[in-house]
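Here are the chains, one letter per residue:
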Amino acid sequence: MKQGGFFERCCAGAGVRWRISMTKLAATFLLLAVSVRVVAAGGDNRDGSVEPAQDMAARNAMGGSLLPVVRSSSSLLVSPGAVYGATESFIETYDDGTDVGLWHCSVNAMRAIEPSGGNPGAYLQQGGFSTAVPIWASVSTRYQPGVNDPYKVDSIYTGDWTTLGVTTLTVDLNVIQVATWATDRATTLELLQMDETGFKVTYDATYTLPDLPDPPVGWQTYSFPINANSPTIPDGWVCTHGDGSPCTDPEWSQFLHRVDLTSVGFYKPGFVYPNLGTWVLGIDNVELDFQAGPTPTPSPTVTPSPTATPRARPTPRTRPSPHARPTP
């Protein structure tokens, strides 16, 4: 992860790290305790169909049969006097088996936290599934209630990002086994907000990084600007309503007051890909950077507390951030 200017705190017993920038202001100290149980099972699902990428992404996140995965309990103690302007990070490292966001590619294939082979250390792997659009998704309980609920959780990776002040999402991804690749794939982050029923899209936003002509085999770091408190839609983001009409600038922070699904995958919105072969994918170091401060709009929801114990990795590393470009 990024080096320099950070005070890192460590508590035993979980693969999650908090860090606070001390460049300008003193940071808030937090203590978390958690117990987590992880189980996973399942099979795979294969066909040869072709579907549009963006339509596939959300469907992949919650389609198919159910798998029990994580049940957790936690307590959170926060010292008084949160400081505006201090940059903090929440990072899921998987080093001790925690699975805060229930990230998954498919509900029809086994997912496992591997103890080694990550970037570095443990990581989450899922494989043996077939899809035209391989994505990792974290899904809140507000998304399509009653459908594949064991794969949903209200975590820091969804919820009220505006009040939290989310500035950046960074993640390490590994394509371990390639199903089918094409020169027009890229890495795309998608955020969804649903209506009150959970079955109709209210807002849909995507941010696509540069093209990947070859499969990114091996660990690669991808970074996406969020800027949840921006008064305008940040450069590079394509934001639409559920009917396809464009969002207005003031709607950006309103949208991010409640994120119901967050996904990152290898596709470009609007493109069509073949569905051949099976994938094996890895994810590690899912990081949210956020900054406390006043928000431009009232908060309709409460941001869930992250459910894991903070832990510092002993050897921090520099994370290169690919340059983003606007999606055509």
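In short, a report on the structure. All figures in this text were calculated on a predicted structure; none of them were measured in a lab. (Residues numbered from 1 in each chain as written. Predicted model: local features only at pLDDT ≥ 70, side-chain atom pairs only at ≥ 80, totals over all residues. Heavy atoms only, no water.)

### Re the overall build of the protein
What the protein contains, in helices and strands, is 3 helices and 17 strands. When the 328 residues of the protein are sorted by exposure, 52% land in the buried category. Within the protein, contacts between residues at least 6 apart in sequence are counted, and of these 81% link residues at least 24 apart. Put simply, the protein shows about 12900 Å² of open surface, and 58% of that area lies on carbon and sulfur atoms. (Helix = DSSP H or I, 4+ residues; strand = E, 2+ residues; numbered from the N terminus. Buried < 20%, exposed > 50% of the residue type's maximum accessible area, 1.4 Å probe, protein only. Contact = heavy atoms within 4.5 Å. Areas by Shrake-Rupley, 256 points an atom, 1.4 Å probe, with all protein chains shown as cover.)

### A word on the environment of Y222
Relative to the elements of secondary structure, Y222 occurs in strand β13 (residues 219–225). In the structure, Y222 is positioned 34 residues away from T188 in sequence and 9.5 Å away in space, judged by C-alpha atoms.

### Side note on the pattern of salt bridges
Side chains that carry opposite charge are capable of pairing whenever their charged atoms lie near each other. Applying the stated criterion to the full structure yields 7 salt bridges. Of the charged contacts, one joins E196 and R258 as a salt bridge, the two residues approaching to 3.0 Å between their closest N and O atoms. Of the two residues, E196 sits in the loop between β11 (186–194) and β12 (201–211) while R258 sits in the loop between α3 (251–255) and β15 (261–266), which places them 62 residues apart along the sequence. For E196, a relative accessible area of 72% puts it in the exposed group. Taken together, the shared-partner salt bridges connect R142, D154, E196, R258 and D260 into one network. (Salt bridge = Lys/Arg side-chain N within 4 Å of Asp/Glu carboxyl O.)

### Quick look at the state of the cysteines
Covalent bonding between the sulfur atoms of two cysteines is what defines a disulfide. The full count for this structure, using the stated rule, is 1 disulfide. The disulfide partner of C239 is C247, and the S-S distance across this bridge is 2.4 Å. Between C239 and C247 the sulfur-sulfur dihedral comes to about -65°; the bridge is accordingly left-handed. For C239, a relative accessible area of 6% corresponds to the buried category. (Disulfide = S-S within 2.5 Å.)

### Topic: the packing of aromatic side chains
In the structure shown here, the tally under the stated rule is 11 aromatic pairs. Ring plane angle 65° and centroid distance 5.4 Å describe the contact between W103 and Y157, whose orientation is recorded as edge-to-face. Linking W103 in the loop between β6 (87–92) and β7 (111–114) with Y157 in the loop between β9 (135–139) and α2 (161–164), this pair joins segments that are 54 residues apart in sequence. Each of the two residues, W103 as well as Y157, counts as buried. Grouped by ring-pair contacts, the aromatic residues Y203, Y207, F224, W237, W252 and F255 constitute a single cluster. Geometry around W181 places R185 over its ring, the cationic atom sitting 5.5 Å from the centre. We note R185 situated over the ring of Y273; from NZ or CZ to the ring centre the distance is 4.2 Å. (Phe/Tyr/Trp six-rings, centres within 6.5 Å; stacked < 30°, edge-to-face > 60°. Lys NZ or Arg CZ within 6 Å of the ring centre and 35° of its normal.)

### Topic: the sheet that holds strand β14 (residues 237–241)
Taken in spatial order, the 5 strands make up an open sheet running β9-β15-β11-β12-β14, and their pairing is antiparallel. Of all strands in the sheet, those bounded by a partner on one side alone are β9 and β14. Between one strand axis and the next, the sheet turns through 15° on average, direction left out of account. As judged from the 5 bridges shared by β12 and β14, these two strands associate in the antiparallel manner. Counterpart to A205 in the pairing with β14 is C239. (Pairing = 2+ DSSP bridges. Axes fitted to C-alpha atoms, helices over the stretch in contact; angles between N-to-C directions.)

### Looking at the nonpolar core
Membership of the largest hydrophobic core comes to 47 residues, with the highest contact counts inside it found for W136, W161, I226, W237, L256 and I283. No other element matches strand β17 (residues 279–291), which puts 6 residues into this core. Excluding residues within four positions of it along the chain, I226 makes contact with W161, V166, T167, T168, L169, L189, P234, W237, W252 and L256. Within the second largest apolar cluster, 11 residues are counted, among which are A137, V139, L192 and Y267. (Core = buried A, V, L, I, M, F, W, Y, C linked by side-chain atoms within 4.5 Å.)

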